[in-house]
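So you can see what is in the structure, the chains are spelled out below.
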Amino acid sequence: MQEKTLQDLVLTDGSRLIIESLARSGADAFIGYPITPANLLYLYGSQRMELMLAAPDEITTLQWMTGLAATGKLPVTATSFPGFALMLESINMAYMMELPMVIVLVQRLGPATGTATCGAQGDLLLLRGMISGGHPVPVLATSSFNDCWTLSARASEIAVRLRTPVVLLTSKEEVMTQKSFGLSSLEEIKPVSRPLYDKDDPYQSYKAGPKGVPDFLPVSQNVHQVRLNASTHDQQGNLQHSSEEALSNTRRLEHKVVQQMKDYLFYELDSQDGANSLVLACGITAAAAREAVGMMRRDGHRVSLLVPKTLLPVPQTYLEIIGLYSRVVIAEETMNNQLGELLFGSSRPAHIRFAGGLGKMISPREIIREVMS
Amino acid sequence: MTRPMLKTMPLPYCKGCGHDLIAKHSAAALEKLGFYPLDVILVTDIGCHGIIDKCMNTHTVHGLHGRSGALGAGISFGLQAPGKKVVVFIGDGGATIGLQHIMEAARLNLDMSVVVHNNMLYGMTGGQTSGLTPQGFRTTTSFEGNPYAGYDICKMSHTAGATYVARVLGIGDISGDLAKVFGQKGFSLIEVMEICPSYGVKLNPGRKLAEVVKSAGRETGVWTGSREDFSHRQGKKSGDLLSEVSGIAKGSEHRLKNPLSIVISGSAGEGVQLAATLLAKASISSGLQVTQKGSYPVTVGVGFSTAELNLSPGPIHFHGIDTPDLAIITSEDGLNHNRKRIMAMQQGSLLIDSGLAVPETSARVIRRDFRSVGARNAAICAVLYFARQFGVLTEEILLHIMEQEGKAAKLPIEKIRQVIES
């Protein structure tokens, strides 16, 4: 048989791209407890990361990650809702201590254990409210294999630059389905740089720089004292009840994320001249939305597409784009339109429509039906 | 002069509290062992003992209730430099909620030392009974005395694999006991017995510490283990996950004009997913875009096994399949899992083992004796039939992929030929 090598077309899955991207961007430890449908991420993490530790549960996972981050590592884990729920208090701790890490959250059908092998998109509002006080944690959502690659690297970068946990939101179908994929489309990824405090003045663990982010020093060095604290604390890291300095520090946690995430605004806008309708979808449903928009355009309809990728903190840009359209269809694998609630609260304007459902992928036809109705 | 571990300020404890003794003698013990303050990472829990941080010149890490054992373990995992010391301060309440964290660190024999401040109740929240409260000891939630025995954290840690475990009374000079604990390589734990002056002393008038400890069966002493201390033992690592998925050689061009959705379904262990992967790779080799999704029950070794494939000459965005263009069914399990889909098919083809009852469907039905080549080969036989008879891609290219993947040698090719030519 006459043959030549197809330059880079392979059969692969999103999990492989996520872990390789995280490793190349500087993540050096994978800590985890196995859970479906994050098991491929766990497998690849164990194979690829310099350090892999099998934790006995998800609380321990986050605690070990935080300890590793305190020594200068950039740890990663992957889980699904049941594991993520156990992690919540410890994510708050890492957020308060301002230690970087990436948590890949693979959504599956709930509530509770639900169905481990069935995809869903029902964790968005949990992410919005996951920090006591409502402070936002950066959340990026993948909507393609290319996103698995580029957004994973951005997640590492945000975690280090902002000194914060970052959630990479995905779902079962995105990380377990195999697809033909051209590797040459992948951008080069370099490790995120990690500047350390290098002054002679006494180090204050939570004295912020101009961007609201404190310089980092690991507890493994012996030049300056490091104080890390998950309770309300002053700039030095000393526990305080509610002094102005300590409350100012807590306010800074929110401000630094909101301000700095303006540099990490990722979305896909495929606008069509003269279109009055906009389809809005993220994650796995973005694939159906792209298909639906293509089908409608082939039938002569004018319609635009918005795929948000930076989900939290919510970029104002999305509302500005949505404001240009008289009909907006949000498509999502839930029965309650979490993306809509995130954007508009509990009373959505009448022109915001919803194509949703439980226990199955939303199909292009369901989206088209809602746009055309 | 070397900076001391402790600052000179008064410690923030109630009069008579054993925590004061532990803090001072821990500092003395560390200094006695020659540690400098910034060699020490003190990890504190939630509880009265945890407010010691501000008095220390060491690194301090103040975490959540009960989790300091795991947080300290994380730091220990990450420390590469010799001469560092992770010390975890935790109370009896923290040791109760975080018991597994302590056991895990002991099991791994991680290089860290845990000091359990057992003052026999939750002091910070009002004197409630903890999991380490001795039987018979009175607390604000057990006025007649704790009716249940407490955990023996020393015995548990020893059994789990710790190098060195000790229990002492928090009276007099305990710096020597603490120095022995801090001087170990591997996991060490010391349980310092105290009575909380604010609740314990008042609720248990006249009782002496030694008597309470003895009557609870908690003898003081030392227990040593011989387990090798933790070292990172990582398996073989991949330097590049992408290099492990090789590009697929291009073969003869496909003859597909429109997207084709295929469901292949049979029983677990009968090669359904393998057949789907071989077909997917052969399709890529033929120049097609492909998606492949597997479905099976959580008990992966029993019941149905279904693979969904989309083949397309152009890009594939949405990979879900409602009603397929082609259903390949090789067993009863596969038929039952896809019966509704097959019945919903208004067109397309159903390729089904001839031993199975065909459901009512508008699809074109093709029955062949796929299982006659052996149950494990039935799905591969069916995809070879598809290649031979449907004209989407060549049988040759599929066989080539099978050879490349090392799957061809064990196949009963002659028997398969008889089926696909029939």
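Being a predicted model, the structure only gives us computed values, none of them experimental.

Cut-offs applied
Residues numbered from 1 in each chain as written. Chains lettered and ligands numbered in written order. Predicted model: local features only at pLDDT ≥ 70, side-chain atom pairs only at ≥ 80, totals over all residues. Helix = DSSP H or I, 4+ residues; strand = E, 2+ residues; numbered from the N terminus. Rg over C-alpha atoms; globule rule 2.2 N^0.38 Å. Buried ≥ 20, exposed ≤ 12 C-beta atoms within 10 Å, placed from the backbone. Contact = placed C-beta atoms within 7 Å. Pairing = 2+ DSSP bridges. Axes fitted to C-alpha atoms, helices over the stretch in contact; angles between N-to-C directions. Domains from an automatic or database assignment. Parallel < 35°, antiparallel > 145°, perpendicular 65-115°, else oblique. Left-handed = near helix turned anticlockwise from the far one by under 90°. Core = buried A, V, L, I, M, F, W, Y, C linked by C-beta atoms within 7 Å.

1. A look at the overall build of chain A
Alright, step 1. The number of helices and strands found in chain A is 12 helices and 17 strands.
Alright, step 2. In terms of overall dimensions, chain A is globule-like: its C-alpha atoms have a radius of gyration of 21 Å, near the 21 Å expected for 373 residues.
Alright, step 3. With the principal axes as the frame, chain A shows a C-alpha extent of 70 × 60 × 40 Å.
Alright, step 4. Residue burial in chain A is summarised as follows: out of 373 residues, 57% are buried.
Alright, step 5. Within chain A, counting contacts between residues at least 6 apart in sequence, those at least 24 apart form 74% of the total.

2. Points about the sheet that holds strand S10 (residues 178–182) of chain A
Alright, step 1. Here we have 8 strands laid out as an open sheet, ordered S2(A)-S10(A)-S10(B)-S11(B)-S9(B)-S12(B)-S13(B)-S14(B), and mixed in their pairing. The outermost strands of the open sheet, each flanked by one partner alone, are strand S2 (9–13) of chain A together with strand S14 (364–368) of chain B. Between one strand and the next, the sheet's axes are offset by a mean angle of 20 degrees, whatever the strand orientation.
Alright, step 2. By the bridge criterion, 8 bridges tie strand S9 (residues 260–267) of chain B to strand S11 (residues 304–312) of chain B in an arrangement that is antiparallel. Across the sheet, B:Val263 pairs through a bridge with B:Glu308, a residue of S11(B).

3. Regarding the domain arrangement of chain B
Alright, step 1. Segmenting chain B into domains produces domain 1 (18–224) and domain 2 (251–421).
Alright, step 2. Distance between the C-alpha centres of domain 1 of chain B and domain 2 of chain B: 62 Å.

4. Here's the deal with the interface of chain B and chain A
Alright, step 1. Opposite the 60 residues of chain B that make contact, chain A presents 61 residues.
Alright, step 2. Elements with a contribution of two residues or more to the side of chain B that touches chain A: strand S2 (59–62), helix H2 (68–78), helix H4 (99–108), strand S8 (249–250), helix H9 (272–285), strand S10 (289–295) and helix H12 (395–404) of chain B.
Alright, step 3. For the side of chain B that touches chain A, the element with the most residues is H2(B), which contributes 8 residues.
Alright, step 4. Bridge count for strand S11 (residues 227–229) of chain A against S2(B) is 3 bridges, and the pairing is parallel. If you follow A:Leu228 over to S2(B), its bridge partner there is B:Val61.

5. Details of the packing of helix H3 (residues 58–70) of chain A against helix H4 (residues 81–97) of chain A
Residue and element names in this part refer to chain A.
Alright, step 1. Running from amino to carboxyl end, H3 crosses H4 at an angle of 25 degrees, the nearest separation of the two axes being 7 Å. As summarised for this structure, H3 and H4 are arranged roughly parallel, according to the angle between their axes. Note on packing geometry: the crossing formed by H3 with H4 is right-handed. For the pair H3 and H4, contact is made by Glu58, Ile59, Thr61, Leu62, Gln63, Thr66 and Ala69 and by Gly83, Leu86, Met87, Ser90, Ile91, Met93, Ala94 and Met97, respectively.

6. Points about the domain arrangement of chain A
Put simply, an interface is often sized by how much accessible area is lost when its parts join up.
All names here are of chain A.
Alright, step 1. On domain assignment, one finds that chain A holds domain 1 (1–264) and domain 2 (268–372).
Alright, step 2. Centre-to-centre separation of domain 1 and domain 2, based on C-alpha positions: 27 Å.
Alright, step 3. Opposite the 29 residues of domain 1 that make contact, domain 2 presents 20 residues.
Alright, step 4. Among the secondary structure elements, those contributing two or more residues to the side of domain 1 that touches domain 2 are strand S7 (115–119), helix H5 (124–128), strand S8 (139–141), helix H6 (145–162), strand S9 (165–171), helix H7 (172–176) and helix H8 (244–260).
Alright, step 5. A total of 4 residues in the side of domain 1 that touches domain 2 trace back to one element, the largest contributor, which is H5.

7. Overview of the nonpolar core
Alright, step 1. Membership of the largest hydrophobic core comes to 223 residues, with the highest contact counts inside it found for A:Val102, A:Val279, A:Ala289, A:Ile367, B:Cys381, B:Val383 and B:Leu398.
Alright, step 2. No other element matches helix H11 (residues 378–390) of chain B, which puts 10 residues into this core.
Alright, step 3. With 8 residues, the next largest nonpolar core counts B:Leu121, B:Tyr122, B:Ile195 and B:Leu203 among its residues.

8. Considering the pairing of S2(B)
Residue and element names in this part refer to chain B.
Alright, step 1. The two faces of S2 match: His59 and Val61 on one face and Thr60 and His62 on the other face are all buried.
Alright, step 2. Two strands pair when backbone bridges link them, and strand S1 (residues 40–44) and S2 are joined in this way by 4 bridges, in the parallel orientation. Residue pairing for S2: isoleucine 41 is matched across the bridge by histidine 59.

9. A few points about the environment of B:Pro297
Residue and element names in this part refer to chain B.
Alright, step 1. Inspection of the secondary structure assignment puts proline 297 in the loop between S10 and S11.
Alright, step 2. Given 14 C-beta atoms within 10 Å, proline 297 falls into the partly exposed group.
Alright, step 3. Separated by 29 residues in sequence, proline 297 and alanine 268 have C-alpha atoms that sit 9.1 Å apart.
Alright, step 4. When sequence neighbours within four positions are dropped, the list of residues in contact with proline 297 reads Gly303 and Phe304.

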